[in-house]
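For reference, the chains in residue letters:
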Amino acid sequence: MSLPLPVYDLVGVGFGPSNLALAIALTEHNESADEPVTAHFLERQPCFGWHRGMLIEDATMQVSFLKDLATMRNPTSGFSFLAYLHAKDRLVDFINHKNLFPLRIEFHDYFEWAAAKVDDLVSYDQTVTAVEPVTGADGTVVHFDVRTRTAAGEEAVFRARNLAVGTGLRPNLPDGVTVSDRIWHNSELLHRVRDIDEDTASRFVVIGAGQSAAEVTAFLHERFPRAEVCSVFARYGYSPSDDSAFANRIFDPEAVDAFYEAPERMKRRLMDYHGNTNYSAVDLDLIDELYRRMYREKVRGAQRLRMFNMSRPVELAETADGVRATIESLTNGERTVLEADVAVYSTGYLPADPTALLGALAGYCRRDEFDRLRVTRDYRLDTGPEVTGGIYLQGGTEHSHGITSSLLSNTAIRVGEILDSVLDRRAAANRLPEYAASGTLTP
Ligand code: FDA
């Protein structure tokens, strides 16, 4: 007879910065808790990694280091970026730097350092393949069985009272475009670029006008000093991201309350007004740098950084040794054919759909009049009373909670709110006599 599965208070699906921050909040809570919260996190990568394909050496964070994994929730946390700097003996050097926005590679190192400190709470090389409901005697869903598979094909099941789904973003490609050795999404940049010969590469086409597109353009231009880099986008020019102080308040914890309570019409207006704090917008320093390079080449009469503005790719065909991109002007329809080594789509990301993993549980999830998932203020999917545990979303809640949904800005606060919700609901359940008898909660 097989032993019953242990039941965790919480199982986390994915272990990026969001669920890492939750693991930290749990760890700090458990240090002084009478009744610890038991948790385990499952990550498909073989070790911790945060957008490794875009760890361009000189790329910087788009968020203040103070919005790290813990500080906004617990300014005295031992998991803060400052604690990391101290541990690495770089605190004073960083202070001298007078910089709020560390290098992305440094923040990655910080994430790895923090992940190592909660290593006992996570299993890597565990791709979550499905989540199945476990029903009690009365038919309500009392637990979730999280099924995983390793790269070697080994399967396992983790049973949970609550889930935290933090599976992040997935690359967005236009309809009909599929990635190949010659057609990339920027998320794979550093993995794929190693295979391109610096001496023979002659041209790259980069599609998009956001931060990633500008970073890829600058990176390729520098890395391949003999190649032409053609940037293709529909705008007239790159637009700067608005990181001015008042606009930046859209990332404040209070902004989540305001957004959550706002009527749909106002939600849409807020996203329209402040989308340029994050979407299709580029750091002004990087815009200036690209312009400087283009102008310098103009002066020298040898232009290899080219902008195809107000343009779009209309055809993309793989050839024997590269790709043929046909670029169409959106003003006069004129077409230019570019033979290139590689085309890089920097066309953004989309949140991963949590219901794809939820299987039969998706049927319990209530939807709004636009067929979007209903999410309560504590980031819980509204599953109705038939499901007693919480399915918490870290990401994919932009429609309900606003622009911080997939960003780092509010992560430390968000995970504190999720933890509070798990604790409140556990305390409420413990007060119910029927819970004492059955171990299940009927709210
Ligand atoms: P993230 O995508 O980081 O992690 C999700 C994890 O889940 C991954 O590790 C993935 O492998 C895992 N996973 C997915 N499916 C799984 C499954 N079925 N089973 C197991 N594991 C699974 N934001 C910001 O505020 N400031 C910034 O400077 C930047 N910079 C930035 C640069 C780049 C290049 C990108 C692409 C994005 C940013 N962002 C950002 C936004 C970004 O979304 C944010 O930094 C975090 O990655 C969000 O963390 P998450 O943990 O939610 O997702």
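Note that the structure is predicted; figures quoted are calculated from it, not measured.

Definitions and limits used
Residues numbered from 1 in each chain as written. Predicted model: local features only at pLDDT ≥ 70, side-chain atom pairs only at ≥ 80, totals over all residues. Heavy atoms only, no water. Near = heavy atom within 4 Å. Polar contact = N/O pair within 3.5 Å; in protein donor to acceptor, adjacent residues only side chain to side chain. Areas by Shrake-Rupley, 256 points an atom, 1.4 Å probe, with all protein chains shown as cover. Helix = DSSP H or I, 4+ residues; strand = E, 2+ residues; numbered from the N terminus. Nonpolar A, V, L, I, M, F, W, Y, C, P; charged D, E, K, R; others polar. Domains from an automatic or database assignment. Contact = heavy atoms within 4.5 Å. Buried area = accessible area lost by both parts, 1.4 Å probe. Salt bridge = Lys/Arg side-chain N within 4 Å of Asp/Glu carboxyl O. Pairing = 2+ DSSP bridges. Axes fitted to C-alpha atoms, helices over the stretch in contact; angles between N-to-C directions. Buried < 20%, exposed > 50% of the residue type's maximum accessible area, 1.4 Å probe, protein only. Right-handed = clockwise from strand over helix to strand, strands pointing away. Patch = residues over 30% accessible without salt bridge, like charges linked within 9 Å, V, L, I, M, F, W, Y side chains within 5 Å. Phe/Tyr/Trp six-rings, centres within 6.5 Å; stacked < 30°, edge-to-face > 60°. Lys NZ or Arg CZ within 6 Å of the ring centre and 35° of its normal. 1 Å grid on protein atoms, 1.4 Å probe; cavity = no way out; pocket = protein on both sides within 12 Å on 5 of 7 lines; lining within 4 Å. Points joined across faces, edges and corners; volume = space filled by probe spheres on them.

Chemist: How would you explain the site of the ligand if you had to name every residue and give the values?
Modeler: Taken together, 28 residues surround the ligand, and among them Ser18, Glu43, Gln62, Ser406 and Leu408 come closest. Gln62 is positioned with one of its backbone polar atoms (N or O) 2.7 Å from an oxygen atom of the ligand. In this structure, an oxygen atom belonging to the ligand sits 2.8 Å away from a main-chain N or O atom of Leu408. Burial of the ligand by the protein amounts to 91% of the accessible area it has alone, namely 980 Å². Of all the secondary structure elements, the ones that give two or more residues to the shell around the ligand are α1 (17–30) and β4 (127–135). Classifying every residue of the shell around the ligand gives 12 nonpolar, 13 polar and 3 charged.

Chemist: Give a description of the domain arrangement of the chain that names residues and reports values.
Modeler: Structurally, the chain comprises domain 1 (7–168 + 352–436), domain 2 (172–241 + 279–348) and domain 3 (247–277). A C-alpha centroid distance of 23 Å is found between domain 1 and domain 3. The partner domain 3 presents 15 residues to the 19 residues of domain 1 that form the contact. A buried area of about 1300 Å², summed over both sides, lies between domain 1 and domain 3, and 61% of it is on carbon and sulfur atoms. Put simply, domain 1 and domain 3 have 2 salt bridges between them. Notably, a salt bridge pairs Arg372 with Glu264, separated by 2.8 Å at the nearest N-O pair.

Chemist: Which residues make up the sheet that holds strand β11 (residues 305–308), and what are the values?
Modeler: Pairing in this open sheet of 5 strands is parallel, and the strands run β8-β15-β9-β10-β11 from one edge to the other. The open sheet has two free edges, formed respectively by β8 (183–185) and β11, since each of these has just one partner strand. Direction aside, the axes of adjacent strands within the sheet are offset by 20° on average. Pairing analysis gives 5 bridges linking strand β9 (residues 203–207) to strand β10 (residues 228–232), with the strands arranged parallel.

Chemist: Outline the environment of Gln126, supporting the account with residue identities and numerical values.
Modeler: Relative to the assigned elements, Gln126 resides in the loop between β3 (122–123) and β4. Residue classification places Gln126 among the buried positions, given a relative accessible area of 13%. With 21 residues separating them in the primary sequence, Gln126 and Arg147 have C-alpha atoms 9.0 Å apart. Once residues lying within four places of it in the same chain are set aside, the contact partners of Gln126 are Leu42, Glu43, Arg44, Thr148, Arg149, Thr150 and Phe158. At 2.6 Å, the side chain of Gln126 and the side chain of Thr148 are in polar contact.

Chemist: Hey, could you go over the pairing of strand β1 (residues 7–13) for me, with residue numbers and the actual values?
Modeler: Most of β1 is tucked away, with 5 of its 7 residues classed as buried. In this structure, β1 lies alongside strand β6 (residues 155–165), joined through 6 bridges in parallel fashion. What sits directly across from Gly12, in β6, is Ala164. Sheet topology places β1 next to strand β2 (residues 39–42); 4 bridges connect them, and they run parallel. Bridged to Val13 within β2 is Leu42. Between the parallel elements β1 and β2, the chain passes through α1 in a crossover that is right-handed.

Chemist: Tell me about a nonpolar patch on the surface, and name the residues and values.
Modeler: There is a patch of nonpolar side chains on the surface, built from Leu66, Leu82, Leu100 and Phe101 and spanning about 310 Å² of accessible area. Take Leu66: it is sitting in the loop between β2 and α2 (81–87). The exposure class of Leu66 is partly exposed, given its relative accessible area of 38%.

Chemist: If you had to explain the pairing of strand β12 (residues 311–319) to someone new, which residues and values would you point to?
Modeler: Here β12 runs beside strand β13 (residues 322–329); their pairing, made up of 8 bridges, is antiparallel. By the bridge assignment, Thr319 is partnered in β13 with Gly322. Between β12 and the antiparallel strand that follows it, β13, lie 2 residues.

Chemist: Please provide a residue-by-residue account of the sheet that holds strand β14 (residues 335–340), values included.
Modeler: Spatially, the 3 strands line up as an open sheet ordered β12-β13-β14, and their pairing is antiparallel. The sheet is open, and its two borders are formed by β12 and β14, each paired with just one other strand. Between one strand axis and the next, the sheet turns by 20° as a mean value, whatever way the strands run.

Chemist: I'd love a proper account of the packing of aromatic side chains, names of residues and values included.
Modeler: Under the definition given, this model contains 19 aromatic pairs. Note on Phe81 and Phe107: the rings are 5.1 Å apart at their centroids and 35° apart in plane angle, and the pair reads as tilted. Placement of the pair is Phe81 in helix α2 and Phe107 in helix α4 (residues 104–117), with a sequence separation of 26 residues. For the pair Phe81 and Phe107, a shared accessibility class is recorded, and that class is buried. With a centroid separation of 5.0 Å and 35° between ring planes, the pair formed by Phe233 and Tyr238 is classed as tilted. For the residue pair Phe233 and Tyr238, the accessibility class agrees, reading buried in each case. Sitting over the face of the ring of Phe79, Lys117 holds its NZ or CZ atom 4.8 Å from the ring centroid.

Chemist: Could you give me a rundown of empty space enclosed by the protein, with the residues and numbers involved?
Modeler: Leftover empty space is mapped by rolling, across the atoms, a probe with the size of a water molecule. Tallying each qualifying case throughout the model produces 1 cavity of 30 Å³ or more. Its volume calculated, the largest cavity comes out at about 70 Å³. Looking at the largest cavity, the residues that line it are Ile250, Ala255, Val256, Phe259, Leu270, Met271, His274, His401, Gly402, Ile403 and Thr404. Broken down by secondary-structure element, the contributors of at least two residues to the lining of the largest cavity are α8 (253–261) and α9 (264–274). Residue composition of the lining of the largest cavity, by class: 7 nonpolar, 4 polar and no charged. Both domain 1 (7–168 + 352–436) and domain 3 (247–277) contribute no fewer than three residues apiece to the lining of the largest cavity.

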